[in-house]
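# A structural walkthrough
Chain by chain, the residues:
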Amino acid sequence: MNLKLTRPIACVDLETTGISITQDRIVEISIIKLHPDGNREVKTRPINPGIPIPKEASEVHGIYDEDVANEPSFKELANGIKQFLENCDLC
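In short, a report on the structure. Values in this document were obtained by computation on a predicted structure and should not be read as measured data.

To continue, consider the environment of V60. Examined against the element boundaries, V60 turns out to sit in helix α1 (residues 55-61). In the structure, V60 is positioned 51 residues away from I9 in sequence and 28 Å away in space, judged by C-alpha atoms.

Here it is as structure tokens:
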């Protein structure tokens, strides 16, 4: 597919502790940013959710408590993520 972009577009993928948007937390974020000139940037970052990751969730995405124990929280990363996504359309 050949996209004719006028500004960057970003696709975001999240791995989480579950499916509740009010109770569960992000354990990994991946963002692909496509630029109008065809360049792409990919950023993937583990995130400490601050709560235990249920066994059932870990079995789906392969991320366990010990994998994110020393990682920053989403709150610590949010400003950098926001800056990366500025001026992007989201898909």
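Between side chains of opposite charge, a pair can form when the charged atoms approach closely. Going through the model one piece at a time under the given rule, you end up with 3 salt bridges. Between K55 and E59 there is a salt bridge, and its shortest N-O distance comes to 3.3 Å. Taken together, the residues K55 and E59, both in helix α1 and 4 residues apart, mark about one turn of the helix. With a closest N to O distance of 3.1 Å, K82 and E86 form a salt bridge. When its relative accessible area of 51% is taken as the criterion, K82 is described as exposed. According to the relative accessible area criterion, E86 is partly exposed, its value standing at 38%.

So, how was this worked out
Residues numbered from 1 in each chain as written. Predicted model: local features only at pLDDT ≥ 70, side-chain atom pairs only at ≥ 80, totals over all residues. Heavy atoms only, no water. Helix = DSSP H or I, 4+ residues; strand = E, 2+ residues; numbered from the N terminus. Salt bridge = Lys/Arg side-chain N within 4 Å of Asp/Glu carboxyl O. Buried < 20%, exposed > 50% of the residue type's maximum accessible area, 1.4 Å probe, protein only.

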